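One-letter residues, chain by chain:
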Protein chains: 2
Amino acid sequence: MRVSQLLMPTLREVPAEAEVISHQLLLRAGFIRKAAAGVYTLLPLAWRVVRKIEQIVREEMDRQGGQEIMMPIIQPAELWQESGRWDVYGPELFRLKDRHGRDFCLGPTHEEIITALIRGEINSYKQLPLLLYQMQNKYRDERRPRFGLLRGREFIMKDLYSFDRDEAGLDVSYNKMYEAYTNVFNRCGLNFRPVVADSGAIGGSGSHEFAVLADSGEVNILYCSDEECGYAANEERAEAVPPAAGEKEPLLELKKIQTPGCRTIEEICLYLKLTPQKMIKTILYQTEKETVAAMVRGDREVNEIKLYNALGCVRLEMADEKIVRDATGAQTGYMGPVGLNGIKLVADNEVMLMVNGIAGANEDDHHLANVNPDRDFKPHMVKDIRLVKAGEPCPNCGEALLEARGIEVGQIFKLRDKYSKVLGATFLDENGKAKPFVMGCYGIGVTRTMAAAVEQNHDDKGIIWPVQIAPYHVIVVPISNKDQEQVQTAEKLYQDLVAAGIETVLDDRPDRAGVKFKDADLVGYPFRITVGSKGLAEGKVEFYSRCKGEVAMVPLNNIVETVRSWLQAEG
Amino acid sequence: MRVSQLLMPTLREVPAEAEVISHQLLLRAGFIRKAAAGVYTLLPLAWRVVRKIEQIVREEMDRQGGQEIMMPIIQPAELWQESGRWDVYGPELFRLKDRHGRDFCLGPTHEEIITALIRGEINSYKQLPLLLYQMQNKYRDERRPRFGLLRGREFIMKDLYSFDRDEAGLDVSYNKMYEAYTNVFNRCGLNFRPVVADSGAIGGSGSHEFAVLADSGEVNILYCSDEECGYAANEERAEAVPPAAGEKEPLLELKKIQTPGCRTIEEICLYLKLTPQKMIKTILYQTEKETVAAMVRGDREVNEIKLYNALGCVRLEMADEKIVRDATGAQTGYMGPVGLNGIKLVADNEVMLMVNGIAGANEDDHHLANVNPDRDFKPHMVKDIRLVKAGEPCPNCGEALLEARGIEVGQIFKLRDKYSKVLGATFLDENGKAKPFVMGCYGIGVTRTMAAAVEQNHDDKGIIWPVQIAPYHVIVVPISNKDQEQVQTAEKLYQDLVAAGIETVLDDRPDRAGVKFKDADLVGYPFRITVGSKGLAEGKVEFYSRCKGEVAMVPLNNIVETVRSWLQAEG
């Protein structure tokens, strides 16, 4: 491809609307353009990257026995009503009516469609397992779409669904996908980590996220400092090591103390000259069923995902000032578990081992000292409900946990019989007994992977594509478009490289060399070959590796082999 | 792929809902399943065919300098309001609102999106021409979706848009696409014809349709019996050869005659002992502006598309009984042009050469004899407004026209500045003057091409895929699954063929040979290799060509070469 003909509208300025680096660079380098909020056109360079990622995904899905299909994007409401998701999915579901007034939605995911399909077509355990996948546009009407391709309303996703006869079969399918995902992100040239994840609103339990590591990532990952251990978890999910019992202090008498104006842990600790470890932090939540007081040690934070899962509720919100006043008789900051009637008390494991702690007295400007769990209050539930932080021990091996930011690009889930049961999708087992299919679902955000690759691989000049998913491998740049020797040499190099099957562009624009170099760095071609008069005098051209930053002079008769060996070394 | 693992749910019965053969066979052979009216899931075999067609299309678009992109499926209403199509497109446009109440539609076509994109990015004639294309789901909310993939509401289309500086540039782009389309359908192994087409509601003029010939086709194609001439046109568009002047009969005196109960051409001809060539057939139409009387010779039919284009109207409907009565004072069947006031008279060219014709008298049970155009009535417009039929002379060379049924699978259009003008998409020419882009648009129905291939290539046993787009090339069938020699030989053959890069399936199901043969014929694999004990005794297996119906015994050590040569001969 000649740059003069390529639709690659680069921008000098950073677009004001772009907050994150991948959004900025994909706009600036002419990869994408916005069509509406959260809706983008993928221009030729972006589409080449997407197709490369898709092909890697396809090969790895096929290798595990996946069969590619294409389900509809417009889905009839009936199936969503059958599964119960039509009413609970909320405003993120794009809904529409056809000319006859029938309800449809734009698929954010395809559990209903595929479960209904399999329900109609597969009836014997002999036809299992089945791994079916597709790659297509998905839709999610985000309240505030942003970050370019990282959080769009229309995006390309690969979704695979597994159908097995039992839990053991599901384990096999799940492990196949774990392996496939590991291969996919390795083959994309990305630094990533599979992390234990919460299975979230989609339901079921047993899930891993695949996170591309990048400082700008939106999820916090905790991983074991011992590489052999390999433990890694989304912060939401990381388990706290069960606490050891504290010192055997004698239990002192409960007493009320004055703490005027001390509403935060810091203020009380300062006032009473205590460490936060002595405090019982109490936070009030409201669910659709009840009011809940969650307790953690003063130096800890409540993990709302863990609390949500422990309560099994649908909605969980921090209680507002009014609820707090009505429930405790005091303002926020003076809440405590003692004497709190009509409220569900949920204590973190650590709280139960505290001795002579300090807690709010449920009275303005007062706290209670020498609060002892079990003696002074009895929680309705004791669970791991706190956030784990870097530096704490690994729940697997006890070594210290480290922390990294990541961008979730894939997730694998065990759905089990959540959908097959409600949709009545069953097969006959060896004994002729009808059983619901045991399912898994497995997603990769394809356009999101492209954006994550940019978040991880860039410098202040532009994108640095991993060779495996680069839109092209090599750009050939003649320094001067007026020097006939340079132009002809560049043209011949370009032809030779293309003939050798190397994806090459020729910058044949009549621009200054500086402009061409800037664009080449911005677009992020892995390799640049510069044809200049100095090198040509010796029969050489300049090789530049974008990712290594290395430069070498290479003889003209050795170009194709050199590019091949560089590509091999990188890919 | 092993058939035991392939999701290919074949059906023995013809599904009741399927009216046409491609719909029946694609359902029966396990290629597609309905998700909603006009909305289908493409199962693994269908998806393989689609991807092959897409790859052929991609290569031919790229060969002509096309650049592949991906535009959004959900399109903001603003652009459609700007082009004026939001209000006129009607109920075929799927419309929806996002969570903020903003209007969107699901793209049936992308003129607005791409014109707005180019308006923002391209500003110099030096950046032209540009050929941009995509392949994606398109949407059309048909009132009555039917015929399976031939008329769905969700379907896959390739759409390419060309941007040129002038009409000469557009001609070049148009011819490139004409060539590309010819290559695409040839490479798909289809018997097709490019035909001069009406450019329809999309606007602009200058268009060809590419029609796959099939008896079940929905369009009538007229083509020259002289292959070198090559003229072919959609029946809607086929031009009538201008008529030669009739015999120089003397003009007789106009007189009213009684024709009781004669309301059709046949009845009058029988009653008056005349040939229909003597009759002036008059039909009343209503447009949004006026009432129109269209006249053709009694043996001809009005071509409503030609009439519509001649009138330049938006709506054209045949007038109902009441309008006829109000306008003519008579019932339908007694209309005629003489004395018809306040109505626009449009005569076909042939009518003007008629001498002493018969026409309705605008009075029940009466006709006029010796009607002579110009003397007895003066049309407001004289044009070619009639249907051309097989047997008439070719407008290009005069040889007889032949007739065939076809399925439209592609269409190319000259849009010119229709969209660039209304959307204000301009570039600067050599003189720095702003000019609107001169555009073309070019579509291929990808899923429709698959269905058309089936309509053209089938027998009463099932589909007969052209090798080029067959889901797999070869199926290996051991006659008995209990004979170890057969099973092992089939397995080894399968492995060898796959290793040689030949797309092969192995029917490893424990079914009877008859079932396996039936399925193989139904699915339409181009070649079947049967492993049976009789052949094996001589070290041979049976080769069967689905399209040729030929059978040959081939030595085992010669299999891969034989398949390769058969594939080459077919492909």
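Residues numbered from 1 in each chain as written. Chains lettered and ligands numbered in written order. Predicted model: local features only at pLDDT ≥ 70, side-chain atom pairs only at ≥ 80, totals over all residues. Heavy atoms only, no water.

For clarity, the cut-off: UniProt positions are given in the numbering used here, feature names are shortened, and annotations may be inferred rather than shown by experiment.
In the nomenclature of an unreviewed UniProt entry, chain A corresponds to Proline--tRNA ligase from the organism Desulfotruncus arcticus DSM 17038. Recorded in UniProt under Sequence similarities (unreviewed entry), the annotation for chain A is "Belongs to the class-II aminoacyl-tRNA synthetase family. ProS type 1 subfamily." According to the UniProt record, the Subcellular location (unreviewed entry) comment for chain A is "Cytoplasm".

1. Focus on the domain arrangement of chain A
Definition in use: Just so you know, the domain bounds were taken from an automatic or database domain assignment.
In terms of domain boundaries, chain A breaks down into domain 1 (21-239 + 402-455), domain 2 (255-383) and domain 3 (472-570). Taking the mean C-alpha position of each, domain 2 of chain A and domain 3 of chain A sit 66 Å from one another.

2. Remarks on the interface of chain B and chain A
Note the cut-off: We call two residues in contact when some of their heavy atoms are within 4.5 Å. For any pair of parts, buried area is found by adding up, for both, the accessible area (1.4 Å probe) each one loses once the two are put together. A side-chain nitrogen of Lys or Arg and a carboxyl oxygen of Asp or Glu constitute a salt bridge if their distance falls within 4 Å. Working definition: helices are DSSP H or I runs of at least four residues, strands are E runs of at least two. Numbering for both runs from the N terminus. Polar here means any residue other than Ala, Val, Leu, Ile, Met, Phe, Trp, Tyr, Cys and Pro, which are nonpolar, and Asp, Glu, Lys and Arg, which are charged; Gly is therefore polar.
Contact residues are listed per partner, giving 52 residues for chain B and 52 residues for chain A. Sorting the residues of chain B by area buried against chain A places L7, M70 and R99 of chain B first, and these three jointly supply 15% of that buried surface. Between chain B and chain A we count four salt bridges in total. Close ionic contact of E121 of chain A with R33 of chain B constitutes a salt bridge, the shortest N to O distance being 2.6 Å. The dominant element in the side of chain B that touches chain A, judged by the number of residues it contributes, is helix α2 (residues 44-63) of chain B, at five residues. Looking at the side of chain B that touches chain A, its residues break down into 31 nonpolar, six polar and 15 charged.

3. Observations concerning the side chain of K516 of chain B
Residue and element names in this part refer to chain B. The condition is simple: Here's how the labels work: a residue is buried when its accessible area is under 20% of the maximum for its type, exposed when over 50%, partly exposed in between, all with a 1.4 Å probe on protein chains only. None of His or the chain ends enter the tally, which takes Lys and Arg as positive and Asp and Glu as negative.
Within the secondary structure, K516 sits in helix α13 (residues 513-523). D507 provides the closest opposite charge to the buried, salt-bridge-free K516, at an N-O distance of 5.2 Å. Every residue in contact with K516, bar those within four places of it in the chain, is listed here: V477, P478, I479, N481, D507, R509 and D511.

4. What to know about the sheet that holds strand β29 (residues 527-531) of chain B
All names here are of chain B. Going by this rule: Should DSSP find at least two bridges between two strands, the strands are taken to pair. To obtain an axis, a line is fitted to C-alpha atoms, over the contacting stretch when the element is a helix, and the angle between two such axes runs from 0 to 180 degrees between their N-to-C directions.
Spatially, the five strands line up as an open sheet ordered β28-β27-β29-β30-β31, and their pairing is mixed. Taken across any chain shown, the strands that pair with only one partner, and hence form the sheet edges, are β28 (504-506) and β31 (551-555). If you compare each strand with its neighbour and ignore which way they point, the axes differ by 25° on average. As paired elements, β29 and strand β30 (residues 540-545) share four bridges and run antiparallel to each other. For T530, the partnering residue across the bridge sits in β30 and is E542. The strands that helix α15 (residues 559-570) touches are β27 (474-478), β29, β30 and β31; relative to β30, the one it contacts most, it runs at about 10°.

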